[in-house]
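Structural overview
Here's the letter readout for the chains.
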Amino acid sequence: MKLVIVSGLSGAGKTVALKQFEDLGWYCIDNIPLALIDPMLRRALSKKSGKRYERLAIGIDARETAAQIRRFPNYLAKLRDKGIDVRVLFLTADDDVIMRRYSETRRKHPLSSAKLSLLEAIQQERKLMQPIANFAEEPLDTSHLNLHEAREAVYQRLSEAGGKLSVLFLSFGFKNGIPSGCDYIFDVRCLPNPHWEPGLRQLTGRDAKVETWLKSHTPVTSMIDDIARFLETWLPAFRAQDRAYLTIAIGCTGGQHRSVYIVERLAERFGAHTDQVMHKHRELQ
């Protein structure tokens, strides 16, 4: 049996994740009490059940009691002691993103009340779910993913993805905060900045004029080469450990020029010989 416990913050995409598992042929159960998982699995593993429950995804969220969530490490240990192949997928997102999603859908947060604002409910849930988040092999931050990208990210975390390593290059601006869920963060604020060139300030690292300007500066090409050599050295080690997903973030001051240009170049460079390469620009979305 393969068991995936799908959990996360309300509004981060847990339902989307479970739907993806279901579409891939997994048997999915949402909001089952933690105390019932063990007896349910005993029945699922019986000969009478056949192969129906060979791949099982279980959704756990803030509707479970706080006491039971605190006991999650114990439940997980018991499952693994029985030899069950169990993984934990935890979905998260920034507070402001979750607030916007709730505003758009007009749904009620499970922890909201007359005494708690939406933001307070989100922050309380983040603390409540920490015992589960601590055991997630690869937390999935959906802050900057649309529906289709979130489904693809879930798929990439499955062994069914063929054991391929999916690499995401992400540009961002330090002035807007460091993105969560990154495996490596490279700071390129030391490089020459097109922002101070009047003709380039309103452009981005994807515009030809900015590309030409940055390409003409030796430190920029040296930085790209250094980052690429580092990744070429260590990506095989991640692949050997059956990692499915790796995020490399490149940050400059505003996330408009230098980081965007470098992410574009790295994506081109690794796209030719890496399993799967994606690139995104947080500040341009």
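No experiment lies behind these values; they were computed from the predicted model shown. (Residues numbered from 1 in each chain as written. Predicted model: local features only at pLDDT ≥ 70, side-chain atom pairs only at ≥ 80, totals over all residues. Heavy atoms only, no water.)

**Here's the deal with the sheet that holds strand 9 (residues 276–281)**
In spatial order, the strands read 7-8-6-9; together these 4 strands make up an open sheet with parallel pairing. Looking at the sheet topology across the chains shown, the edges are occupied by strand 7 (184–187) and strand 9. Taken over all neighbouring pairs, the strand axes of this sheet differ in orientation by 20° on average, direction set aside. Summarising the sheet, strand 6 (residues 166–173) and strand 9 pair through 6 bridges and their orientation is parallel. Bridged to Val-167 within strand 9 is Val-277. Helix 8 (residues 147–156) contacts strand 6, strand 8 (245–252) and strand 9 of the sheet and is inclined by roughly 145° relative to strand 9. (Pairing = 2+ DSSP bridges. Helix = DSSP H or I, 4+ residues; strand = E, 2+ residues; numbered from the N terminus. Axes fitted to C-alpha atoms, helices over the stretch in contact; angles between N-to-C directions. Contact = heavy atoms within 4.5 Å.)

**Description of the environment of Ile-185**
With respect to the helices and strands, Ile-185 occurs in strand 7. The class for Ile-185 is partly exposed, based on a relative accessible area of 38%. Ile-185 sits 73 residues away from Ser-112 along the chain, and the two C-alpha atoms are 35 Å apart. Among all residues touching Ile-185, those that are not within four sequence positions of it are Phe-172, Phe-174, Ile-178, Pro-179 and Ala-249. (Buried < 20%, exposed > 50% of the residue type's maximum accessible area, 1.4 Å probe, protein only.)

**A look at the state of the cysteines**
Under the defined criterion, the tally for this structure stands at 0 disulfides. Take Cys-182: it sits in no disulfide, and the sulfur closest to it among the cysteines is that of Cys-252, at 14 Å. Note on Cys-182: relative accessible area 21%, which makes it partly exposed. (Disulfide = S-S within 2.5 Å.)

**Quick word on the packing of helix 1 (residues 14–23) against helix 8**
Between helix 1 and helix 8, whose axes approach to 9 Å, the crossing angle comes to 60°. One way to sum up the angle between helix 1 and helix 8 is to call them oblique. Both helix 1 and helix 8 take part in a crossing whose hand is right-handed. Residues Val-16, Ala-17, Lys-19, Gln-20, Phe-21 and Asp-23 of helix 1 form the contact with helix 8, whose participating residues are Leu-147, Ala-150, Arg-151, Glu-152, Val-154 and Tyr-155. (Parallel < 35°, antiparallel > 145°, perpendicular 65-115°, else oblique. Left-handed = near helix turned anticlockwise from the far one by under 90°.)

**Topic: the pattern of salt bridges**
Within this structure, the stated rule accounts for 19 salt bridges. Ionic pairing is found between Lys-19 and Asp-23, a salt bridge with its closest N-O pair at 3.8 Å. Taken together, the residues Lys-19 and Asp-23, both in helix 1 and 4 residues apart, mark about one turn of the helix. Given the relative accessible area of 44%, Asp-23 is considered partly exposed. Asp-95 is the salt-bridge partner of Arg-126, the closest N and O atoms lying 2.5 Å from each other. Of this pair, Arg-126 sits in helix 6 (residues 118–128) while Asp-95 sits in helix 5 (residues 95–105), placing them 31 residues apart in sequence. Assessed through its relative accessible area of 22%, Asp-95 is described here as partly exposed. Sharing partners across several salt bridges, the network here consists of Lys-14, Asp-30, Asp-61 and Arg-63. (Salt bridge = Lys/Arg side-chain N within 4 Å of Asp/Glu carboxyl O.)

**A closer look at the packing of aromatic side chains**
Counted under the stated rule, the structure contains 9 aromatic pairs. Seen in terms of ring centroids, Tyr-184 and Phe-230 are 5.2 Å apart; in terms of plane orientation they differ by 90°. Their pairing is edge-to-face. Placement of Tyr-184 in strand 7 and of Phe-230 in helix 10 (residues 218–240) is noted, with a sequence separation of 46 residues between them. Take Phe-230: its relative accessible area is 31%, and that puts it in the partly exposed class. Through a chain of ring-to-ring contacts, three or more aromatic side chains come together here, namely Tyr-184, Phe-186, Phe-230 and Phe-238. (Phe/Tyr/Trp six-rings, centres within 6.5 Å; stacked < 30°, edge-to-face > 60°.)

**So, the sheet that holds strand 1 (residues 2–8)**
Strand order in the open sheet formed by 5 strands is 2-3-1-4-5, with parallel pairing between adjacent strands. Since the sheet does not close on itself, it has two edges, and those belong to strand 2 (27–30) and strand 5 (140–141), each with one partner. As defined by bridge partners, strand 1 adjoins strand 3 (residues 55–60) across 6 bridges and the pair is classed as parallel. Note that in strand 3 the partner of Val-6 across the bridge is Gly-59. Relative to the sheet, helix 1 contacts strand 1, strand 2, strand 3 and strand 4 (85–92), its axis offset from that of strand 1 by approximately 160°. Across the sheet, helix 4 (residues 72–81) is in contact with strand 1 and strand 4; its angle to strand 4 comes to roughly 150°.

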